[in-house]
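# Fold and geometry: a report
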Amino acid sequence: MTDDDLVAGEPRAVLRDALAHLSTTRHDDGSVELVGEVPPELADPLVRALERVADELRADDERRGAAPRSGGRLHADTLIALLLRVTDTPTDRA
């Protein structure tokens, strides 16, 4: 496995499989609910990757002198950042 196959320290394919178990539901109030049941063998790498990305986002906030993200904003930003990384095509495969 090359470094290009890893996203936030976890295998890209495993994270894709884990994320495929999630779906969204839109509510009348405009909110979006993320639901799913991720099998344990996929959930552990997903949680580790999310934690790494959250740590990176908070560290970046601190470097920029911004108030570190927390709560729902941190969770949403972390999920989106991970999704973008997982779906990004490594340069050697483009």
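Reference entry: report on the structure contained in this document. (Residues numbered from 1 in each chain as written. Predicted model: local features only at pLDDT ≥ 70, side-chain atom pairs only at ≥ 80, totals over all residues. Heavy atoms only, no water.)

## A closer look at the layout of surface pockets
To keep it simple, the criterion reads: Any residue with an atom within 4 Å of a point lines the site, the site being either a cavity, points on a 1 Å grid over the protein atoms alone where a 1.4 Å probe fits but cannot get out, or a pocket, an open set with protein on both sides within 12 Å along at least 5 of 7 lines. Grid points are joined across faces, edges and corners, and a volume is the space filled by probe spheres set on the points. Here a helix means four or more residues in a row that DSSP labels H or I, a strand means two or more in a row labelled E, and each is numbered from the N terminus. Residue type decides the class: Asp, Glu, Lys and Arg count as charged, Ala, Val, Leu, Ile, Met, Phe, Trp, Tyr, Cys and Pro as nonpolar, and the leftover types, Gly among them, as polar.
Estimated volume of the largest pocket: approximately 190 Å³. Lining the largest pocket are Leu-19, Leu-22, Ser-23, Thr-24, Val-32, Glu-33, Leu-34, Ala-76, Leu-79, Ile-80 and Leu-83. Every element with two or more residues in the lining of the largest pocket is listed here: strand 3 (22-26), strand 4 (32-36) and helix 3 (71-87). Broken down by element, the residue count for the lining of the largest pocket peaks at 4 residues, all from helix 3. When its residues are assigned to classes, the lining of the largest pocket shows 8 nonpolar, 2 polar and 1 charged.

## Side note on the pairing of strand 3
We apply this condition: For two strands to be treated as a pair, DSSP must find at least two bridges joining them.
Pairing of strand 3 with strand 4, which is carried by 5 bridges, proceeds in the antiparallel orientation. Within the sheet, the bridge partner assigned to Thr-24 lies in strand 4 and is Leu-34.

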